Amino acid sequence: MISVIILTKNEEADLPVCLESLEWTDDVHVLDSLSTDKTCEIALQYGANVLVNPFQSFGKQRNFALKNIDVKYDWVLFLDADEVASPEFVNEIQSATDNADDDVAGFYCCWKMMLEGRWLKRCDNFPKWQLRLLRKNRVTYTDFGHGQKEDKVLGNVLYIKEPYIHFGFSKGWSHWIERHNRYSTLEAIARLDKCPPLKNIFSKHGSIRNPALKSWLIKVPGWPLLRFIHTYIFKLGFIEGSPGLTYSINLSFYEHMIVIKRREILSGRKSNYNNVNQEVMINDNVQVGVNS
């Protein structure tokens, strides 16, 4: 069997559907980040265990969950409230964990991004991999941008090719834009301060390759436009209709926000550096005058 941990904050609209897809396990935990709606009440109604911890970042929250939640089983699946475990996904993760060797620490999982009832397989560059299914006490996380990636992994990581379902637009475009405005700031900082080595671009593992690609491609002139062309034209996003066009445009705009915020951060740091140098020069000149 597999334990499930769901990270939440104000998820009363999405949480019921997520929990209904988890009837196959008797060990579901909700780690809430001080919701002000009925999220915790709904979780308890569905029989989930609820723990509350103020949110700092996704990496820290997942590590807190792994350290402080007393899960019943050796395997742990992380889901978000706007994600659903389809029967096909459940069958594959149960089979994978049942047959996993002792040296397997976890599995990369991927999602089906849904918009207006359509799977954006091409626009969303399927599959995107995250380490969401792991063996207890074998994995820790670290922050990268607005999200997280695995940090310490004791063992091998394999792949679950059947995706779970992600309703990333269930709260509407206004919520998506507001959230990604915040995310773009975190991404800009991460791509500056945690830029992986160039060689990581050639890694066969998506969780290693993708952060490197993000950090290096943002330096290419016109990157947001290139992102749109890649998503909508070369990845054939145009065959996914109106949802594909809308998603491709907004992904490009998201990258544009990251670019301009990255530029603002660099400009601010340069300004601070110059101010410090000026203060040092003034102090040095004053000291010279005093000594004279």
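These numbers were taken from a predicted model, which means no experiment stands behind them.

### So, the UniProt feature "domain: Glycosyltransferase 2-like" (unreviewed entry) in the chain
So, point 1. UniProt records the feature "domain: Glycosyltransferase 2-like" (unreviewed entry) for residues 3-121 in the present numbering.
So, point 2. End C-alpha to end C-alpha, residues 3-121 measures 28 Å, and it is 30% helix and 30% strand.

### Considerations on the state of the cysteines
So, point 1. On inspection of all chains with the given rule, the structure shows 0 disulfides.
So, point 2. In this structure Cys40 is not part of a disulfide, and its nearest cysteine sulfur, from Cys18, lies 14 Å away.
So, point 3. As a non-bridged cysteine, Cys123 has Cys110 as the owner of its nearest cysteine sulfur, 17 Å distant.

### Structural notes on the sheet that holds strand E6 (residues 104-109)
So, point 1. Pairing is mixed in the open sheet, where 7 strands are placed in the order E3-E2-E1-E4-E9-E6-E12. Of all the strands in the sheet, the pair left with one neighbour each is strand E3 (49-52) and strand E12 (156-159). Neighbour-to-neighbour, the strand axes of the sheet open up by a mean angle of 30°, direction not taken into account.
So, point 2. In terms of strand pairing, E6 meets E12 through 4 bridges, oriented parallel. By the bridge assignment, Tyr108 is partnered in E12 with Tyr159.

### Some details on the nonpolar core
Side chains of nonpolar character tend, in soluble globular proteins, to be buried together.
So, point 1. Counting residues in hydrophobic clusters, the biggest one holds 65 residues, and the most contacted among them are Ile6, Leu22, Trp24, Leu77, Leu79 and Leu133.
So, point 2. In terms of residues, this core owes the most to one element, helix H8 (residues 241-291), which gives 7 residues.
So, point 3. The two domains that each donate at least three residues to this core are domain 1 (3-166) and domain 2 (171-284).
So, point 4. When residues no more than four places from it in sequence are discounted, the contact partners of Leu133 are Ile2, Trp75, Val76, Leu77, Ile93, Thr97, Gly106, Phe107, Cys109 and Ile160.

Quick notes on the rules
- Residues numbered from 1 in each chain as written.
- Predicted model: local features only at pLDDT ≥ 70, side-chain atom pairs only at ≥ 80, totals over all residues.
- Heavy atoms only, no water.
- UniProt positions renumbered as here; feature names shortened; annotations may be inferred.
- Helix = DSSP H or I, 4+ residues; strand = E, 2+ residues; numbered from the N terminus.
- Disulfide = S-S within 2.5 Å.
- Pairing = 2+ DSSP bridges.
- Axes fitted to C-alpha atoms, helices over the stretch in contact; angles between N-to-C directions.
- Core = buried A, V, L, I, M, F, W, Y, C linked by side-chain atoms within 4.5 Å.
- Buried < 20%, exposed > 50% of the residue type's maximum accessible area, 1.4 Å probe, protein only.
- Domains from an automatic or database assignment.
- Contact = heavy atoms within 4.5 Å.

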